[in-house]
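# Results of the structural survey
The primary structure of each chain is shown beneath.
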Amino acid sequence: MHLVEFAFTKPPDAPEASHDALLAALWAVCGPDDGVEHVRVHTSRAGARGAAFLLAPDGAHAARRCRAVCRRALAGSPVLRGWRLVRPAAV
């Protein structure tokens, strides 16, 4: 199991998202192949920071899986419109 930290930023004019809305958006796009075991997030006026525990063969795979989940959540959730993934960065 690997711990991967992630962070989102949001445009200043975008509405804030609640902790529950962000968690729901992330879990909604998780599939069995993602290996996500646990997710924690903390929201702020600037965006959000979080950590995910993922089952993966190594840290690089875990980071790629986390990045994919985060990008799917950003693409599919109206609550996160305009937000950007800033971490994990591309590997």
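Up top is the structure.
One structure accompanies this document, and this report is about it.

Scoring rules and cut-offs
- Residues numbered from 1 in each chain as written.
- Predicted model: local features only at pLDDT ≥ 70, side-chain atom pairs only at ≥ 80, totals over all residues.
- Heavy atoms only, no water.
- Phe/Tyr/Trp six-rings, centres within 6.5 Å; stacked < 30°, edge-to-face > 60°.
- Buried < 20%, exposed > 50% of the residue type's maximum accessible area, 1.4 Å probe, protein only.
- Helix = DSSP H or I, 4+ residues; strand = E, 2+ residues; numbered from the N terminus.

## A short note on the packing of aromatic side chains
Tallying each qualifying case throughout the model produces two aromatic pairs. Aromatic pair phenylalanine 6 and phenylalanine 8: ring centres 5.7 Å apart, planes at 70 degrees, arrangement edge-to-face. By relative accessible area, phenylalanine 6 is classed as buried at 3%. Residue class for phenylalanine 8 comes out buried when judged on its relative accessible area of 3%. Ring geometry for phenylalanine 8 against tryptophan 83: centres 6.4 Å apart, planes inclined by 65 degrees, an arrangement best described as edge-to-face. Remark: tryptophan 83 occurs in the loop between helix 2 (59-76) and strand 4 (84-87) and phenylalanine 8 occurs in strand 1 (residues 2-9); sequence separation between them is 75 residues. Note on accessibility: phenylalanine 8 and tryptophan 83 belong to one class, buried. Taken together, the ring pairs in this structure connect Phe6, Phe8 and Trp83 into an aromatic cluster.

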